[in-house]
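For reference, the chains in residue letters:
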Amino acid sequence: MKKIAMALVVLLVLAGFAHAQDTDYTKVLKEVDRLATFTNTDFTAFVTIVTEDPEKEGKSVNKAQFFRRDKDDKFMVLISEPVVQKGQGYLKVDDNLWFYDPNTNEFTHQSLKENFSDTGARNNDFSKSTLADDYNVTKGESGVIAKQDCWILTLEAKNNTVTIPGMKIWVAKSGPALVLKTEEYSLSKRLERTNLYGKYLNIDGRYIATAMRFDDNLTAGKRTSMTLEKVNLGSIPDSIFTKAYLQKASGR
Amino acid sequence: MRFASIALRNLSRQKKRSALIAGAVALGVFIILTVNAFTAGSVRILKENMADTLQGHIFITMEHKLNDKTVSYIEDDSMLWEATRAAGVADADVGRSVEIDMSTMIYGGKTSMQQIVGLDWSAPDAEFEPMGLSPEEVAKVRKVPNGVVFNRRTAKNLNVEEGGVVIVRMSTINGQSNVGEFVVSHITEDDSDIMSFVSFAHQEYVAELLDLPTTKTYSSFQVRAESLDAAPALAEVIKATLAETYELKPKGSGSFDFSASRVRKKNAEEASWEGIRVNVRTINEMLAPFTTLVDGMFIVSLVIFVILMVITIIGIANTFRMILFERIREIGTMRALGSQKEHVRSMMLYEALFLSLVGYLAGLALSLVTQALLTLPDFGTTSAFSLFTHQGHLTFRMEPVYLIVVLAIVSIFTILAALGPARKAARLEPAAALRTSN
């Protein structure tokens, strides 16, 4: 009798633990999004993107200034280097992403999943984190990365409108729930891109990755490094998120 | 008519001068007719070659509105078959294909942007002849379910040979990221740049990569018309039948113009429809951006023609002033003997008209000879120009309406140039003209 009671207690505890673990992984994902979202403030930074591409000689360097307002899901990127692309920019307002070319003074529609300029970074690398909205956690386990204990979460897109069908993310266990590494998978479960997040900046309890590396797993030797500097949470005028500002800032 | 014959005799009296003026007119006519015939011929042959390659003149797609997003695929094609049969199209002239519009092929660190067309390789061998594939080559492709056919230029760009495995990165019909693998089962002899952006694979595998709802789903319905000229009218008949069941996508919605105003309009259009709508496009509409580029050449030649005509007209006007001065006593004599003012004016205008006619005919003849000579070189079927050639040879197309328009322009300009001096000649007083010494 005693043994049966003990077994029942153990089962209940395990069930409770399992339940807690499921809930925890979803909470972890929500916490990741919360820490990376600047809901009450705007966000400005200078970004440097260095791309190594085996098809091109040497490294290519892109520099830009970027502005983000997460509460309205807006961002604006103004390119300053290389010289041939100076004045070009991207503006996201609502569901529309525009690319501006000062040479033609025209705005063209772009997709968030397209690459940013000729780099390995994507346009949606500039927008806010929405992992909890877009993905279900299908598996969670513990692991280690760069000598840090972490959760390894396997994510599956909630529906077929999410651009990246599958992901695996490594989230720090101790301290704030920061993403240390992600792997992006295609619909055919092929590893497409591996992203490493080396450094974070803490601003008022929110975190922004300031050193990232994106490795293209389909093209050997193709990688992109992105660094953020002069991060500022000061308020941005509304006029910044307009086409007119992009035209003016490009020197037109 | 008497004054017409006098005009002809006057022209023959000054053969060198007449030849010079007619020659100037001929040069302008030669340039405009030759360039126009070349552009018209090239555009037409491009459309015919593309229709052969894409296996149709009319292309029908279906768009479905799902969760505020537009997804393109055809699942229930019963109405499409009904529309084509009602328009008199035989079933054998209808094809179906699955396409990946934009993908990146990757091999050994090299990449190539490709449109991948999925074909039904179980179709008879003869259907693949326009692609330049022999029955043996078709059999080779059939054996590999994830096989792909490249042109030589694509294979060179990727540095891949037959048997190589290339990775493809693309998006599904819902916009999700997907990756597949193709085995290069055949490399064609075609070395053209234009066809280096199109590859051909198996329908089933392409459908799988696109994540189409079922295996019986495909991207587009192709209809082969009797000829390129018959395609627009046939498309309208098919549209009329389909419009009874489906909403039709507005014409021009498939434009390559992504400017702000166009996308605003497009966004408004996109927000305004629900359910399913059908897009019917002819090869002419699909190739509009290419034909626009070629039309640019024609505009340049038109500008050169106008400049030449202006120079020629100035020359003609000055020449007729000289003629007036030279013949002042002759005109005085004619008037004194009873010729009326309008007779004198008509005689000079006839001279101008005949000059323009002779110049026009000479220019036309020179253009025809040049066109005949330019069709002789064989550029081969694997060169960059192959899509603009017929079996390796340039083609020219003279349109009767255009010939008449050029003749009319030349005649009017020449007559206008001579009009001033002709009026002045008509106003001469006989006595004053006879008193004038040359």
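So, a few notes on the structure that sits alongside this text. Values in this document were obtained by computation on a predicted structure and should not be read as measured data. (Residues numbered from 1 in each chain as written. Chains lettered and ligands numbered in written order. Predicted model: local features only at pLDDT ≥ 70, side-chain atom pairs only at ≥ 80, totals over all residues. Heavy atoms only, no water.)

A word on the overall build of chain B
When you go through chain B residue by residue, the secondary structure sums to 14 helices and 11 strands. Expected size for 438 residues packed as a compact globule is a radius of gyration near 22 Å; at 31 Å, chain B overshoots this value by more than 25%. By principal-axis analysis of the C-alpha atoms, chain B measures approximately 100 × 50 × 40 Å. When each of the 438 residues of chain B is scored for burial, the buried share is 49%. Of all intrachain contacts in chain B linking residues separated by at least 6 positions in sequence, the fraction that spans at least 24 positions is 79%. Distance from the positive charge centre (42 side chains) to the negative charge centre (46 side chains) of chain B: 19 Å. (Helix = DSSP H or I, 4+ residues; strand = E, 2+ residues; numbered from the N terminus. Rg over C-alpha atoms; globule rule 2.2 N^0.38 Å. Buried < 20%, exposed > 50% of the residue type's maximum accessible area, 1.4 Å probe, protein only. Contact = heavy atoms within 4.5 Å. Lys, Arg positive; Asp, Glu negative; His and termini not counted. Charge placed at Lys NZ, Arg CZ, Asp CG, Glu CD.)

With respect to the pattern of salt bridges
Per the counting criterion, the structure on display carries 27 salt bridges over all chains. Across the salt bridge formed by Asp229 of chain B and Arg44 of chain B, the nearest N and O atoms sit 3.0 Å from each other. With Asp229 of chain B in the loop between β9 (220-223) and α7 (231-242) and Arg44 of chain B in helix α2 (residues 15-54), the pair connects residues that are 185 residues apart, well separated along the chain. Each of the salt bridges in this network shares a partner with another, and the network as a whole consists of Asp42, Arg69 and Asp238 of chain A. (Salt bridge = Lys/Arg side-chain N within 4 Å of Asp/Glu carboxyl O.)

Here's the deal with the packing of helix α12 (residues 341-374) of chain B against helix α13 (residues 400-426) of chain B
Residues and elements named next belong to chain B. It is at 8 Å that the axes of α12 and α13 come closest, and there the two elements cross at 150°. Judged by the inter-axis angle, α12 sits roughly antiparallel to α13. When the axes of α12 and α13 are compared, the crossing they make is right-handed. The residue makeup of the contact of α12 with α13, split by class, is 19 nonpolar, 3 polar and 3 charged. (Axes fitted to C-alpha atoms, helices over the stretch in contact; angles between N-to-C directions. Parallel < 35°, antiparallel > 145°, perpendicular 65-115°, else oblique. Left-handed = near helix turned anticlockwise from the far one by under 90°. Nonpolar A, V, L, I, M, F, W, Y, C, P; charged D, E, K, R; others polar.)

Quick word on unusual backbone geometry
Most of the time, phi is negative for any residue but glycine, and the peptide bond is trans. Residue and element names in this part refer to chain A. In this chain, Glu81 is followed by Pro82 through a cis amide linkage whose omega measures 0°. If you check the backbone angles, Lys147 has positive phi at about 65° while not being a glycine. On the secondary structure map, Lys147 appears in the loop between β7 (135-145) and β8 (148-157). Backbone geometry at Lys230 places phi at a positive 45°, although glycine is not the residue there.

Side note on the packing of helix α3 (residues 78-86) of chain B against α7 of chain B
All names here are of chain B. Contact geometry of α3 with α7 gives a least axis separation of 9 Å together with a crossing angle of 135°. The angle between α3 and α7 falls in the class oblique. In the crossing of α3 with α7, the sense of the turn from one axis to the other is right-handed. The segment α3 lies against α7, with Met79, Leu80, Ala83 and Thr84 engaging Ile238, Thr241 and Leu242. Residues belonging to the contact of α3 with α7 are distributed by class as follows: 5 nonpolar, 2 polar and no charged.

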